[in-house]
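Each chain, letter by letter, is given below.
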Amino acid sequence: MTHFHSPPVAASIFIFSALLLSGASDDRASAATAAPSQSAREDRGTPILPPGALRAAVTDAATRQFYRSNGWQPIWSDAAADAFTRILDARSRHGLDHLDFVQIPTREVSPASREAALTGAALRYAAALAHGVTDPSDLHAIYTIPRPESALDEALAQAVANGTLEAWFSALAPQDDDYFRLSEAYLQARQGAGDINPRLDAAGLIHVGDTDSRVPAIVEQLIGGEYLTREAAMVGQSSDISLYTQQVADAVELLQRDYGIVADGVVGPDTLEVLNLRPGDRARVIAVALERLRWLPRTPPATRIDVNIAAARLSYYRDGLLTDSRRAIVGKPGTETPQLLAPIFRLVANPTWTIPKSIQHGEMAGVSRNYLRRHNMVLRNGWIVQKSGPGNALGLVKFDMDDTYAIYLHDTSAPHLFSRSERHLSHGCVRVEDALGFAQKIAEDEGVGDQWRQARASDKQTFVTLPQQIPVRLIYQNVFIDHDGNVAFRTDPYDWNTPVAKALGFTVASHAKAQAKATDIGP
């Protein structure tokens, strides 16, 4: 993981003694590219440093490699340094304003120290924009989505020499609409503007029939969390939008069940704690969302399936256009769905399910032979296998993915669970709402619709290979731009935001977590 100095907000002091002490080894490596001539450097106002002074000032490996490649020649004129200062001053647009990439010295320092500090800061900030401050593979046991790769050293030197620093830094961050909209939302949130869900006062209970000024904000948050539709919110509503109706109370009960609160529909302190999450501090979670977008490749596959684990929702893109979106059920805390990239390579009609040993020796430990017969299961070589059929935990279709973690998409024998708002219920695989309809759509799009219909007509497990594999990205975004172009907030069910937020320099408060429990043994 890359570490940055993240001092208290009031502090912005850089101690240069560290730059003047360690790291003064006598590097003799030859330049990989020809250094600018002395006259050229003088023409653009770059200082001429004494031999060995820059070597003595550089203390970090990345900066040392940069100067090895350019023959240990300084690059920073006053004009370039001023441009870089302006660039850093605008880093709040990327949610990076809680980090100090370079600090203003409180006393006069040597030109070599100033040179080294500017280059080190520029490389760190460029890397943060190009592929993120944090390395997700350091944060998660499984993370297989490739991060963007950028050759920053030569490009930085060229941008300084050409006077194009601002354009170069601007192009490093994601250029898509989602990133720009989240960026604007972050700027609004950090200024306290644009917050349509202000923090709710925790004093006083709200019962059905009460009139309370907090009700409109509660309704908006319930709608945003998929607990209530706007149409249902209007049922029984009088001209007074502050009336707490039975329809709103029913939605509150759903939220209470998801968070382990007594499901009585009464809004009290525990319920308000959840409603006040939004989740957590608004600016902080948007900054985390921006960081996660910087982890992703700048050009995603035009045809792909994205599963937002945090929102428990699937989106299917075909030739760059969103053609399908539906609910999903993903891993519960403890058996989290990992963030990975893997392709669907075949559809499986009427799948069997070989039950993982973790479930066999866990939830199913000690089950009787009668239990196995009732659930259409048999023992094969020490493994419990559930045979094909509508009662199979995988349902009637499985979407086989080429990964080493036994993660895949599938149908379910418990479709009623899709009606829940909190859908982090599985053992790690992804259940797809109306999976048969989704499989038929994919089969038709891939030109194997007839083969798929024939496979479905069979009562046996049958495989239909796709002519072209479809990449699947399992990503985690609890703040995102929804399909209507709005900033959407969800909870952080796995508490995966905390380490990212800390790395971005935020103070992280504790928060409530979803406690919904799975009601079946499916994967």
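The coordinates are above.
Residues numbered from 1 in each chain as written. Predicted model: local features only at pLDDT ≥ 70, side-chain atom pairs only at ≥ 80, totals over all residues. Heavy atoms only, no water.

Novice: I'm lost on the overall build of the protein chain in this one. Help?
Specialist: For the protein chain, the count of helices and strands is 20 helices and 14 strands. A total of 523 residues make up the protein chain; the buried ones form 51% of that total. Partitioning the intrachain contacts of the protein chain with sequence separation of at least 6 by distance along the chain shows that 72% fall at a separation of at least 24. (Helix = DSSP H or I, 4+ residues; strand = E, 2+ residues; numbered from the N terminus. Buried < 20%, exposed > 50% of the residue type's maximum accessible area, 1.4 Å probe, protein only. Contact = heavy atoms within 4.5 Å.)

Novice: Looking at this structure, how should I read the pairing of strand β3 (residues 321-331)?
Specialist: Put simply, side chains in a regular strand alternate between the two faces of the sheet. Bridge count for strand β2 (residues 313-318) against β3 is 6 bridges, and the pairing is antiparallel. Looking across to β3, one finds that Y317 is bridged to L322. Pairing geometry for β3 and strand β10 (residues 424-426), over 2 bridges, is parallel. By the bridge assignment, G331 is partnered in β10 with S426. (Pairing = 2+ DSSP bridges.)

Novice: What should I look at first to understand helix α10 (residues 177-190) in this one?
Specialist: Because an α-helix completes one turn every 3.6 residues, residues spaced three or four positions apart along the sequence face the same direction. Between its first and last C-alpha, α10 extends 20 Å over 14 residues, near the 20 Å set by a 1.5 Å rise per residue. When α10 is considered as a whole, its buried residues turn out to be Y179, L182, S183, A185, Y186, L187 and A189. Of the surrounding elements, those touching the buried residues of α10 are α15 (282-295), β13 (479-481) and β14 (487-489). The backbone nitrogen of D178 lies 3.1 Å from a side-chain oxygen of the residue at the head of α10, namely D176. (Expected span 1.5 Å × (residues − 1). Polar contact = N/O pair within 3.5 Å; in protein donor to acceptor, adjacent residues only side chain to side chain.)

Novice: How do you make sense of helix α11 (residues 215-224) when you look at a structure like this?
Specialist: Of all 10 residues in α11, 7 are buried, a share of seventy percent or more. Residues of α11 that are buried: V215, A217, I218, V219, Q221, L222 and I223. Each element contacted by the buried residues of α11 is listed here: α12 (230-234), α13 (246-258) and α14 (269-275). Of the residues flanking the end of α11, it is E226, one or two places downstream, whose phi is positive at about 70°.

Novice: Explain the pattern of salt bridges here, please?
Specialist: A side chain of one charge can pair with a side chain of the opposite charge if their charged atoms are brought near each other. Within this structure, the stated rule accounts for 21 salt bridges. Between R473 and D306 there is a salt bridge, with the nearest N and O atoms lying 2.9 Å from each other. Taken together, the residues R473 in strand β12 (residues 462-475) and D306 in strand β1 (residues 304-308) connect sequence positions 167 residues apart. Each of the two residues, R473 as well as D306, counts as buried. Between R318 and E446 there is a salt bridge whose closest N-O contact spans 2.7 Å. One end of the pair, R318, is in strand β2; the other, E446, is in the loop between α18 (435-445) and α19 (449-457), and 128 residues separate them in sequence. For R318, a relative accessible area of 18% puts it in the buried group. Taken together, the shared-partner salt bridges in this structure form one network comprising E226, R327, R423 and R490. (Salt bridge = Lys/Arg side-chain N within 4 Å of Asp/Glu carboxyl O.)

Novice: For this particular structure, what's the right way to read the packing of helix α4 (residues 61-69) against helix α8 (residues 152-162)?
Specialist: Relative to each other, α4 and α8 sit at 65°, their axes nearing to 10 Å. Considering how the two elements wind past one another, α4 and α8 form a crossing that is right-handed. Residues A62, Q65 and F66 of α4 touch α8, and the partners they reach there are D153, L156 and A157. In terms of residue class, the contact of α4 with α8 is built from 4 nonpolar, 1 polar and 1 charged. (Axes fitted to C-alpha atoms, helices over the stretch in contact; angles between N-to-C directions. Left-handed = near helix turned anticlockwise from the far one by under 90°. Nonpolar A, V, L, I, M, F, W, Y, C, P; charged D, E, K, R; others polar.)

Novice: Looking at this structure, how should I read the sheet that holds strand β5 (residues 353-354)?
Specialist: Pairing between the strands of a sheet is mediated by backbone hydrogen bonds and can be parallel or antiparallel. Across the sheet, 3 strands lie side by side as β5-β7-β6; this open sheet has antiparallel pairing. Here the strands that pair on one side only, and so sit at the sheet edges, are β5 and β6 (377-380). Judged from the 4 bridges that link them, β6 and strand β7 (residues 383-386) form a sheet pairing that is antiparallel. Bridging across to β7, L379 finds its partner in I384.

Novice: What am I meant to see in the nonpolar core here?
Specialist: Note that soluble globular proteins tend to have their nonpolar side chains buried in a common cluster. Counting residues in each nonpolar core, the largest one holds 65 residues, and the members touching the most others are W76, F84, L165 and F169. Here the element with the most residues in this core is helix α6 (residues 111-131); it accounts for 12 residues. Sequence-distant contacts of L165, defined by excluding residues within four places in its chain, comprise W76, A80, A83, F84, I87, L156, A159 and V160. Formed by 50 residues, the second largest nonpolar core is a distinct cluster that contains V330, V430, L466 and I470. (Core = buried A, V, L, I, M, F, W, Y, C linked by side-chain atoms within 4.5 Å.)

Novice: Please explain the packing of aromatic side chains as it appears in this structure.
Specialist: When we look at a pair of aromatic rings, we describe it by the centre distance and by the angle of the planes. Evaluated as defined, the whole model comprises 13 aromatic pairs. Geometrically, the ring pair formed by W76 and F84 is tilted, given 5.7 Å between the ring centres and 40° between the ring planes. A relative accessible area of 0% places W76 in the buried class. Of the residues examined, F84 reaches a relative accessible area of 1% and is grouped as buried. (Phe/Tyr/Trp six-rings, centres within 6.5 Å; stacked < 30°, edge-to-face > 60°.)

Novice: What is the right way to read unusual backbone geometry from this model?
Specialist: For residues that are not glycine, phi is negative in most cases, and the peptide bond is trans in most cases. In the Ramachandran plot, A312 falls in the positive-phi region, its phi being about 55° despite a non-glycine side chain. At N381, a residue that is not glycine, the phi angle is positive and equals roughly 55°. By the element assignment, N381 lies in the loop between β6 and β7.

Novice: Where do I start with the pairing of β12 in this structure?
Specialist: Where β1 and β12 come together, 4 bridges link them in parallel fashion. For D306, the partnering residue across the bridge sits in β12 and is R473. Relative to β12, strand β4 (residues 340-349) runs antiparallel, the two sharing 9 bridges. Counted as the bridge partner of L347 is V464 from β12.

Novice: How should the environment of G437 be read in this particular structure?
Specialist: Mapped onto the elements of the fold, G437 is located in helix α18. Exposure remark for G437: the relative accessible area of 29% places this residue in the partly exposed category. The spacing of G437 and V397 is 40 residues in sequence and 10.0 Å in space, taken between C-alpha atoms.

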